[in-house]
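Breakdown of the fold
Each chain, letter by letter, is given below.
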Amino acid sequence: MEVEEIKLKDLKPEEFIGHRVKEISSAVGSGLAINALSGGVDSSAVTLLGHKALGDRLKTYFIENGLMREGEPERVASLFEKLDIQVEIIDARKEFFEALKGLTDPEEKREAITQAFYRDVFSRIVKESGAKHLLHGTIYTDVEETIAGIKRQHNILEQLGIDTEKAYGYKILEPLVQLRKPAVREVAKALGLPEEIYNRMPFPGPALTARVLGEVTPERIEIVRKATKIVEEELANTGAFQYFAILHANKVTGMREGKRDYGSQIEVRCWDTKDAVTASPTKLPHETLDKLAQRITSEMPGVVSVTYNITRKPPSMMEVV
């Protein structure tokens, strides 16, 4: 892998910020750049770096793909408005669900999201804006996992030999690509982002698609979205690195009021880790797990089973897709 990692112990955040701001400014020149903001620490840090380098010549968009957590587009746009950064929300739900229709293979779903994002949505935005550069929140782990063949991260393009200027009409800049998540958090903190952003729990690039086994439909996304809200509420004070809900592909038999109820199965994962390279399931009290199951099955009538993952990484991955 050609990218050289800057380890956390060697990182000097202020110096790193200064170098990256100069690089972005030099690459873009007097032109325009665009970036997609999801509200996670990676895209948020890139937004601040780009804003420092380009000011109003950076156009920031939140792509409403229908795959995000509840209320996410409005919450993120409001938060960045307080930082004097305007975020335009682009409704692209139709493009993404059409791209995902009928797909069940994880890699095919990731590729569909990649193409919908870069070829369909952002190519259109680039043409309309006149921008020639896209600022990207790619980090070192994204490249590492993709090159190793563990799983294709949707934001890995040039490292796979894809000429983005030829394929999509713009060049990609990746100011964070030498950093892992803990180092990105330090940069985000130094940039002045609030703690709710720089310490925010990781969220996958393919969004809730990464937490739906089988075909992704608006109805199935809504199930995992509701389960995600409950899991995040109940586990918010655990101190865990990451916690989320997964919707399994197959329905299972349950019972309600003495009658058979054939419904959905939700898996909960909660992780303790320092670097996300290795991880252990958080040893949650049985009372916590019981409350989770009770809430999910009572507030979501279509769900009849809730399980908890107890496998370490490796051999497991933190995400399921």
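Above this text you will find the structure in question.
Not measured: the values here are computed from a predicted model.

About the thresholds
- Residues numbered from 1 in each chain as written.
- Predicted model: local features only at pLDDT ≥ 70, side-chain atom pairs only at ≥ 80, totals over all residues.
- Heavy atoms only, no water.
- Axes fitted to C-alpha atoms, helices over the stretch in contact; angles between N-to-C directions.
- Helix = DSSP H or I, 4+ residues; strand = E, 2+ residues; numbered from the N terminus.
- Left-handed = near helix turned anticlockwise from the far one by under 90°.
- Contact = heavy atoms within 4.5 Å.
- Nonpolar A, V, L, I, M, F, W, Y, C, P; charged D, E, K, R; others polar.
- Buried < 20%, exposed > 50% of the residue type's maximum accessible area, 1.4 Å probe, protein only.
- Phe/Tyr/Trp six-rings, centres within 6.5 Å; stacked < 30°, edge-to-face > 60°.
- Parallel < 35°, antiparallel > 145°, perpendicular 65-115°, else oblique.
- Core = buried A, V, L, I, M, F, W, Y, C linked by side-chain atoms within 4.5 Å.
- Pairing = 2+ DSSP bridges.

1. Here we look at the packing of helix α4 (residues 93–100) against helix α5 (residues 106–129)
Contact geometry for α4 and α5: axes closest at 9 Å, N-to-C directions at 150°. For the pair α4 and α5, the crossing hand works out as right-handed. Along the contact surface, α4 presents E95, F96, A99 and L100, while α5 presents K109, A112, I113, A116, F117, V121 and R124. Partitioned by chemical class, the residues of the contact of α4 with α5 number eight nonpolar, no polar and three charged.

2. A look at the environment of Q265
Here Q265 lies in strand β8 (residues 259–272). Looking at Q265, the relative accessible area reads 16%, which means it is buried. Along the primary structure Q265 and H286 are separated by 21 residues, whereas in three dimensions their C-alpha atoms are 19 Å apart. With residues up to four places along the chain from it excluded, the contact list for Q265 reads I246, L247, H248, N250, V252, S305 and T307.

3. Side note on the packing of aromatic side chains
Inspection of every chain in the model, using the stated rule, returns three aromatic pairs. Ring geometry for Y61 and F122: centres 6.5 Å apart, planes at 90°, overall edge-to-face. Residue Y61 is located in strand β2 (residues 58–64), and its partner F122 is located in helix α5; the two are separated by 61 residues in the primary sequence. Ring centres of F117 and Y118 lie 4.8 Å apart, and the angle between their planes is 70°; on these two criteria the pair is classed as edge-to-face. Classification of Y118 as buried rests on a relative accessible area of 0%. Ring-pair connections join several aromatic residues into one group, and the members of that group are Y61, F117, Y118 and F122.

4. What about the packing of helix α10 (residues 218–234) against helix α11 (residues 286–299)?
Where α10 contacts α11, the two axes come as close as 10 Å, and the packing angle between them is 150°. Between α10 and α11, the angle is such that the two are roughly antiparallel. Crossing geometry of α10 relative to α11 is assigned as right-handed. Contact with α10, carried on its side by I230, V231, E233 and E234, involves K291, L292, R295, I296 and E299 of α11 and no other residues of that element. Looking at the contact of α10 with α11 residue by residue, the classes come out as four nonpolar, no polar and five charged.

5. Some details on the nonpolar core
Core analysis: the biggest nonpolar cluster contains 86 residues, and I63, L67, F80, F96, L176 and I296 have the highest contact counts within it. Looking at this core element by element, the count peaks at nine residues for α5. Setting aside residues up to four positions removed in sequence, I63 forms contacts with A36, I90, A92, F96, F117, V121, F122 and I125. One finds F244, A276, A279 and M318 within the second-largest nonpolar core, a separate group that totals seven residues.

6. Quick notes on the sheet that holds strand β5 (residues 171–173)
Read across the sheet, five strands follow the order β3-β2-β1-β4-β5 without closing on themselves; strand pairing throughout is parallel. Each edge of the sheet is formed by a strand with only one pairing partner; in this case those strands are β3 (87–91) and β5. Across the sheet, the mean angle separating the axes of adjacent strands is 35° when strand polarity is ignored. Looking at chain direction, β2 and β3 are connected through five bridges and run parallel. Following the sheet pairing, Y61 is matched in β3 by E88. Packing of helix α1 (residues 13–28) onto the sheet brings it into contact with β1 (33–36), β4 (133–135) and β5, and relative to β4 it is tilted by some 160°.

7. Here we look at unusual backbone geometry
Backbone torsion omega between K313 and P314 reads -15°, so that peptide bond is classified as cis. Of the consecutive residues P314 and P315, the connecting peptide bond is found in the cis state with omega at 10°. Of note in this structure, A207 is not a glycine but carries a positive phi near 60°. Within the fold, A207 resides in the loop between α9 (195–198) and α10. Classification of A207 by relative accessible area gives buried; the value is 0%.

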